[in-house]
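The chain contents come next:
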Amino acid sequence: MINWPEMDSKYYMQTIVREPVTIVKGKGARVWDDKGKKYLDFVGGLAVNCLGHCHPEVVNAIKKQASTLIQTSLWYYNPPMLKLAELLVKNSCMDRVFICNSGLEANEGAVKLARRYGVLKLKGAYEVITTFESFHGRSLAMTAATGQPKMQEPFKPLPNGFINVKNNDIEAIKSATTKKTCAVMLEPIQAEGGVNVPDDDYLKKVREWCDQKGILLILDEVQTGIGRLGALFGYMLYGIEPDVLTLAKGLGGGVPIGAFLAKEKCAVLTLGDHNATFGGNPLTSAAAYATLKYVIDNDVAGNAREVGKYLMDKLEGLKSNYPFITEVRGRGLLVAMYFNKEIAKSVVNACIDKGLLVNRLKPNAIRFIPPLIILNKHVDEAIGILDSVLSGIKG
Ligand SMILES: *Cc1c(COP(=O)(O)O)cnc(C)c1O
């Protein structure tokens, strides 16, 4: 039998401490390791597999497209890319789409667009205000946008033009706004940064401020989009519309794809401004079209909302039994549980032993980001495992 962890340590860049599981197969909310052991998957490819593993609609779309046409480049029209763009526009407040390959690429595109907007409409303004504890991706520019010093420090000097300010604080955004500001970029709920749910009226206040100043509001919905929070897009829950929206993770149902979308008034990128070799790739676009169509037609977001509530209730139940659980927070199926000590690693490992995958969010927090198609019975199963793991921890 091949020792995969050994191969990893020999050949792969060692940039992450992986969990001790080699996943070889998945179906629905389950995955199997190389020894045939089955797990309930509450990580879902890191908030990516919104329809679970190998959903038949997605698999069939990929199979069909793979034997028809895989890559064209953006120099040609192709049907899956354009069908996906139309579906996104018709189901959001946006007018135009650019399809790329990942979350960071979507955010880079959005920031390029904001800078063009600054040049054309705001006398050369170029700065983008973002928040501490945000996460926008791992390119150098997105590292500067990501307000986490520990990620920035090793890679200095970073591109300039990003101002990180306190999260969930409209006054911090106001006082950072100058003539140089072209946009504010936020996640509706900071995900990687800790599942930090802002005040209900925060986004509305930011929207009003951006309108007042004539600057763009970019929402990074790479993690919160495609039903995760219980609405197709997170902004729908907060009674506002962004000017620019970025998507990735859930969009392709597992294949790598991203997109940035803009309202007509600020869709200012023109000929020659932007391109990507794999942008609008027919294979990934076909998978994304099938995913998004299924999510919309079957109200998968509504399921995420209902099952998410059930999950939060059950986790709150655990919290009242275990005093070392300090907080349960989130929305829809983006949920975190916090502890008063650094036990996330041991909790995650004990869950693995018992057949449940959950995500280590911080040394003292775990995250639940399961497929959006899970049912209450999956929650019951996960809670049962978690309960037995937590009961083994000395309070
Ligand atoms: C994951 C994530 C990104 C980065 O996406 P990649 O596809 O890893 O580049 C950006 N923003 C948010 C909110 C994310 O959750």
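Scroll up a little and you will see the structure.
Residues numbered from 1 in each chain as written. Predicted model: local features only at pLDDT ≥ 70, side-chain atom pairs only at ≥ 80, totals over all residues. Heavy atoms only, no water.

1. What to know about a nonpolar patch on the surface
Side chains of Ile2, Trp4, Met7 and Tyr11 sit close together on the surface and give an oily, nonpolar patch of about 440 Å² of accessible area. With respect to the secondary-structure elements, tyrosine 11 resides in helix 1 (residues 4-11). (Patch = residues over 30% accessible without salt bridge, like charges linked within 9 Å, V, L, I, M, F, W, Y side chains within 5 Å. Areas by Shrake-Rupley, 256 points an atom, 1.4 Å probe, with all protein chains shown as cover. Salt bridge = Lys/Arg side-chain N within 4 Å of Asp/Glu carboxyl O. Helix = DSSP H or I, 4+ residues; strand = E, 2+ residues; numbered from the N terminus.)

2. Side note on the sheet that holds strand 11 (residues 325-331)
Here 4 strands make up an open sheet; going across it, the order is 11-12-15-14 and the pairing antiparallel. Either end of the sheet is taken by a strand with one partner, and the two such strands are strand 11 and strand 14 (359-362). Here the average twist between neighbouring strands, direction ignored, is 25°. Where helix 11 (residues 300-321) meets the sheet, it contacts strand 11, strand 12 (334-339) and strand 15 (365-368), and its direction lies at approximately 175° from that of strand 11. (Pairing = 2+ DSSP bridges. Axes fitted to C-alpha atoms, helices over the stretch in contact; angles between N-to-C directions. Contact = heavy atoms within 4.5 Å.)

3. Some thoughts on the packing of aromatic side chains
In this structure the tally under the stated criterion is 4 aromatic pairs. Ring geometry for phenylalanine 233 and tyrosine 235: centres 5.9 Å apart, planes at 5°, overall stacked. In this pair, the class of phenylalanine 233 matches that of tyrosine 235, namely buried. Their ring planes at 35° and their centres at 6.3 Å tell us that phenylalanine 324 and phenylalanine 339 sit as a pair that is tilted. Of this pair, phenylalanine 324 sits in the loop between helix 11 and strand 11 while phenylalanine 339 sits in strand 12, and the two are 15 residues apart along the sequence. Feature note: the residues Tyr322, Phe324 and Phe339 constitute an aromatic cluster, connected by ring pairs. In this structure, arginine 18 packs its charged tip against the face of tyrosine 12, placed 5.0 Å from the ring centre. (Phe/Tyr/Trp six-rings, centres within 6.5 Å; stacked < 30°, edge-to-face > 60°. Buried < 20%, exposed > 50% of the residue type's maximum accessible area, 1.4 Å probe, protein only. Lys NZ or Arg CZ within 6 Å of the ring centre and 35° of its normal.)

4. Thoughts on the site of the ligand
Not every one of the 13 residues close to the ligand is listed here, only the nearest: Gly103, Leu104, Asp220, Gln223 and Lys249. One of the backbone nitrogen or oxygen atoms of leucine 104 is found 2.8 Å away from an oxygen atom of the ligand. The element contributing the most residues to the shell around the ligand is helix 5 (residues 103-121), with 3 residues. (Near = heavy atom within 4 Å. Polar contact = N/O pair within 3.5 Å; in protein donor to acceptor, adjacent residues only side chain to side chain.)

5. Re the packing of helix 12 (residues 344-353) against helix 13 (residues 376-390)
Here helix 12 crosses helix 13 at 125°, and the two axes come no closer than 9 Å. Regarding the angle of helix 12 to helix 13, the classification is oblique. The hand of the helix 12/helix 13 crossing is right-handed. For the pair helix 12 and helix 13, the contacting residues are Val347, Ala350 and Cys351 in the first and Ile385, Leu386, Val389 and Leu390 in the second. (Parallel < 35°, antiparallel > 145°, perpendicular 65-115°, else oblique. Left-handed = near helix turned anticlockwise from the far one by under 90°.)

6. Examining the nonpolar core
Among the nonpolar cores identified, the biggest contains 124 residues, and Leu315, Met337, Val347, Ile366, Phe368, Leu386 and Leu390 are the most heavily contacted of them. If one sorts the elements of this core by residue count, helix 13 sits on top with 7 residues. Summarising the domain contributions, this core has at least three residues from each of domain 1 (4-54 + 300-390) and domain 2 (56-297). Residues contacting isoleucine 366, with those up to four places away along its chain left out, are Val335, Ala336, Met337, Phe339, Ala344, Val347, Val348, Val358, Asn359, Leu361 and Leu386. (Core = buried A, V, L, I, M, F, W, Y, C linked by side-chain atoms within 4.5 Å. Domains from an automatic or database assignment.)

7. Quick word on helix 11
In this model helix 11 runs 31 Å from its N-terminal to its C-terminal C-alpha over 22 residues, within 8% of the 32 Å that 1.5 Å per residue would give. Inspection of helix 11 places Val300, Ala301, Gly302, Ala304, Val307, Gly308, Leu311, Leu315 and Leu318 among the buried residues, and these make up the whole buried set. Where the residues of helix 11 are buried, they touch helix 10 (282-297), strand 11, strand 12, strand 15 and helix 13. (Expected span 1.5 Å × (residues − 1).)

8. Observations regarding the packing of helix 4 (residues 79-90) against helix 10
For any two helices packed against each other, one specifies the inter-axial angle together with the distance between the axes. One can describe the packing of helix 4 onto helix 10 by two numbers: an axis separation of 8 Å at closest approach and a directional angle of 30°. On the basis of their axis angle, the class for helix 4 and helix 10 is roughly parallel. Considering the relative orientation of helix 4 and helix 10, their crossing is left-handed. Counted together, Pro80, Met81, Lys83, Leu84, Leu87 and Leu88 of helix 4 and Pro282, Ser285, Ala286, Ala288, Tyr289, Leu292, Lys293 and Ile296 of helix 10 form the full contact between these two elements. Of the residues assigned to the contact of helix 4 with helix 10, the class counts are 11 nonpolar, 1 polar and 2 charged. (Nonpolar A, V, L, I, M, F, W, Y, C, P; charged D, E, K, R; others polar.)

Read these as spatial facts, not as claims about activity.
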